[in-house]
Amino acid sequence: MTVRNAGHGGWALRFHGFLQRNSPAIGCYLSVRKDYAREVRVFEGLKNLLDELPEFEAMEFWENATGLPRIGFHRGGSLAFLSQDEESKEFSQAVIWMREHLNRLVSTLHPRLQSMLADDR
């Protein structure tokens, strides 16, 4: 999901969710394109608030393998995603976890992003 009012048609800041059958990692996060200075400033501003505001509790900052920054939630674990004929219990629970955390991430960060983007014109 792109962030309204962000550069590159909203793609400079965007929300992602990931849940892959071949990987035990699941999560959701906000990412930023490093070639958009205003969006990088806004992202860094959010990162600085992670420890200060209770609504950011449990959100984490990390970088992916190529050094791109992320703010959000992720977890690992042993997930047996699909059996041959039906979804496994672990897969269903992982989907529920990701939906809840993605909703929390977007509902917490999106209003603040809109305010910060408007203030940094």
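Residues numbered from 1 in each chain as written. Predicted model: local features only at pLDDT ≥ 70, side-chain atom pairs only at ≥ 80, totals over all residues. Heavy atoms only, no water.

## What to know about the overall build of the protein
Item 1. When helices and strands are counted, the protein shows 2 helices and 4 strands.
Item 2. Its helices and strands taken in sequence order, the protein reads β-β-α-β-β-α from the N to the C terminus.
Item 3. Out of the 121 residues in the protein, the part that is buried amounts to 41%.
Item 4. Taking the contacts inside the protein whose residues are at least 6 apart along the sequence as the reference set, 59% of them involve residues at least 24 apart.
Item 5. Only carbon and sulfur atoms are counted for the fraction: they give 48% of the accessible area of the protein, which is about 7,200 Å². (Helix = DSSP H or I, 4+ residues; strand = E, 2+ residues; numbered from the N terminus. Buried < 20%, exposed > 50% of the residue type's maximum accessible area, 1.4 Å probe, protein only. Contact = heavy atoms within 4.5 Å. Areas by Shrake-Rupley, 256 points an atom, 1.4 Å probe, with all protein chains shown as cover.)

## Concerning the sheet that holds strand β4 (residues 69-75)
Item 1. Ordered in space as β1-β2-β4-β3, the 4 strands form an open sheet in which the pairing is antiparallel. Edge positions in the sheet fall to β1 (13-19) and β3 (60-63), since each of these pairs with one other strand and no more. Taken over all neighbouring pairs, the strand axes of this sheet differ in orientation by 30° on average, direction set aside.
Item 2. With 6 bridges joining them, strand β2 (residues 26-32) and β4 adopt antiparallel strand pairing. Paired with Y29 across the strands is G72, a residue of β4.
Item 3. Running over the sheet, helix α1 (residues 37-49) touches β1, β2, β3 and β4 and is turned about 130° from β2. (Pairing = 2+ DSSP bridges. Axes fitted to C-alpha atoms, helices over the stretch in contact; angles between N-to-C directions.)

## Focus on helix α2 (residues 89-119)
Item 1. Helix length check: α2 (31 residues) gives 45 Å between terminal C-alpha atoms against 45 Å at 1.5 Å per residue, within 8%.
Item 2. Of all bends in α2, the biggest is about 30°, found at L109, and the proline P111 comes one to four residues later. (Expected span 1.5 Å × (residues − 1). Bend = angle between axes of the 7 residues up to and from the residue.)

## Section: the packing of α1 against α2
Item 1. It is at 10 Å that the axes of α1 and α2 come closest, and there the two elements cross at 130°. Classified by the angle their axes make, α1 and α2 are oblique. The way α1 lies across α2 gives a crossing that is right-handed. Along the contact surface, α1 presents R38, E39, V42, G45, L46 and L49, while α2 presents L109, R112, L113, M116 and L117.
Item 2. Along the lines of polarity and charge, the residues of the contact of α1 with α2 split into 7 nonpolar, 1 polar and 3 charged. (Parallel < 35°, antiparallel > 145°, perpendicular 65-115°, else oblique. Left-handed = near helix turned anticlockwise from the far one by under 90°. Nonpolar A, V, L, I, M, F, W, Y, C, P; charged D, E, K, R; others polar.)

## Considering α1
Item 1. Here α1 is 13 residues long and its end C-alpha atoms lie 19 Å apart, about the 18 Å a rise of 1.5 Å per residue gives.
Item 2. When α1 is considered as a whole, its buried residues turn out to be R38, E39, V42, F43, L46 and L49. All buried residues of α1 project into a common sector of 135° when viewed along the axis, lining one side. Turned more than 90 degrees away from the buried face of α1 sit A37 and N48, all of them exposed.
Item 3. Each element contacted by the buried residues of α1 is listed here: β1, β2, β3, β4 and α2. (Arc of directions from axis to C-beta.)

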